[in-house]
Amino acid sequence: MSTAALPAPARLAIGPLFAIASGKLVVWLLAGWRYGFHRDELYYIVGGRHFELGYVDHPPLVPWLAGLADSWLGPSLIGLRLLPALAGAALVFLAGAIAAQLGGRAWAQALAATAMLVCPLELLVDNLFQTTTFDPLLWAVACWVLVRWLRTENPRWWLAFGAVAGVGVMTKYTFGVLAIALIAGL
């Protein structure tokens, strides 16, 4: 694919994107921790306390992160759910960054970030510590890397994609579906 087919990247609207992502984080800090532990969260905490490299039902990265949160912040609901809240805010920001790479100006970036902010699925998964919480963020990072590769045609972006894919598969096995679909599409 030629880079001529892509519009010139727009300047990243850091201020509006940061404000929208921060708004998501503030709302979570006000209300997102008020419900008790979900049974899966307790399962990941125990998995983090007795860490193994392989589990039958999920990859090892999420239990490892739960173990880190548990050891650093104690058995705290706020401490455990802070990582999903940060991942959700990063996803909101990244949606705007992808729009910028595709040529969207500040209003298009803010619209993309706002759409991600109010996406019902994301409102649900960013409130719990689960594999499905970190999966969309890694999918978005992979898509951003792919757009950068399409823009520059620099083969080094494939190394970045491989690194993101490696972390993605260690987070949730469904990342392989994205990788297969993107490679088939290209």
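Analysis parameters
Residues numbered from 1 in each chain as written. Predicted model: local features only at pLDDT ≥ 70, side-chain atom pairs only at ≥ 80, totals over all residues. Heavy atoms only, no water. Helix = DSSP H or I, 4+ residues; strand = E, 2+ residues; numbered from the N terminus. Rg over C-alpha atoms; globule rule 2.2 N^0.38 Å. Contact = heavy atoms within 4.5 Å. 1 Å grid on protein atoms, 1.4 Å probe; cavity = no way out; pocket = protein on both sides within 12 Å on 5 of 7 lines; lining within 4 Å. Points joined across faces, edges and corners; volume = space filled by probe spheres on them. Nonpolar A, V, L, I, M, F, W, Y, C, P; charged D, E, K, R; others polar. Polar contact = N/O pair within 3.5 Å; in protein donor to acceptor, adjacent residues only side chain to side chain. Salt bridge = Lys/Arg side-chain N within 4 Å of Asp/Glu carboxyl O. Buried < 20%, exposed > 50% of the residue type's maximum accessible area, 1.4 Å probe, protein only. Axes fitted to C-alpha atoms, helices over the stretch in contact; angles between N-to-C directions. Parallel < 35°, antiparallel > 145°, perpendicular 65-115°, else oblique. Left-handed = near helix turned anticlockwise from the far one by under 90°. Core = buried A, V, L, I, M, F, W, Y, C linked by side-chain atoms within 4.5 Å.

## Here we look at the overall build of the chain
Looking only at helices and strands, the chain features nine helices and zero strands. Along its sequence from the N terminus, the chain presents helices and strands in the succession α-α-α-α-α-α-α-α-α. A compact globule built from 186 residues should have a C-alpha radius of gyration of about 16 Å, and the chain, at 17 Å, falls within 12% of that. For the chain, the spread of C-alpha atoms along the principal axes amounts to about 50 × 35 × 25 Å. A separation of at least 24 residues holds for 74% of the contacts in the chain among residues at least 6 apart in sequence.

## Considerations on the layout of surface pockets
Considered as a void within the structure, the largest pocket measures approximately 210 Å³ in volume. In terms of lining residues, the largest pocket is bounded by K24, V27, W28, A31, G32, P84, A85, L117, L123, D126 and N127. Taken together, the elements giving at least two residues each to the lining of the largest pocket come down to α1 (14–32) and α4 (77–101). Class assignment for the residues of the lining of the largest pocket results in seven nonpolar, two polar and two charged.

## Description of the side chain of T171
Residue position: T171 is located in helix α8 (residues 156–171). A distance of 2.8 Å separates the side chain of T171 from the backbone oxygen of V167, its partner in a polar contact.

## Notes on the pattern of salt bridges
Counted under the stated rule, the structure contains three salt bridges. With a shortest N-O distance of 2.9 Å, K24 and D126 are connected by a salt bridge. Pair noted here: K24 is in helix α1 and D126 is in the loop between α6 (120–125) and α7 (131–152), with a separation of 102 residues, a long-range link. For D126, a relative accessible area of 5% translates into the label buried. Residues D70 and R49 are paired through a salt bridge, measuring 2.6 Å at the closest nitrogen-oxygen approach.

## Thoughts on the packing of helix α3 (residues 61–73) against α4
Contact geometry for α3 and α4: axes closest at 9 Å, N-to-C directions at 135 degrees. The angle between α3 and α4 falls in the class oblique. Note that α3 runs across α4; the crossing there is right-handed. Every residue of α4 that contacts α3 at L65, A66, A69 and L73 is listed here: G79, L80 and L83. Its residues assigned to classes, the contact of α3 with α4 shows six nonpolar, one polar and no charged.

## Quick look at the nonpolar core
Ranked by internal contacts, the top residues of the largest apolar core, which has 16 residues, are A66, L80, L94, F129 and F134. Looking at this core, the elements with two or more residues in it are α2 (39–49), α3, α4 and α7. Here the element with the most residues in this core is α4; it accounts for six residues. Beyond its immediate sequence surroundings of up to four residues, L94 is in contact with L137, A140, V141 and W144. Counting 13 residues, the second-largest nonpolar core is a separate cluster that includes V145, L150, L178 and L182.

## Looking at the side chain of Q130
Inspection of the secondary structure puts Q130 in the loop between α6 and α7. Taking relative accessible area as the criterion, Q130 reaches 15% and is therefore assigned buried. In this view, Q130 contacts H38, D40, Y44 and V62; residues no more than four positions away in its chain are not counted.

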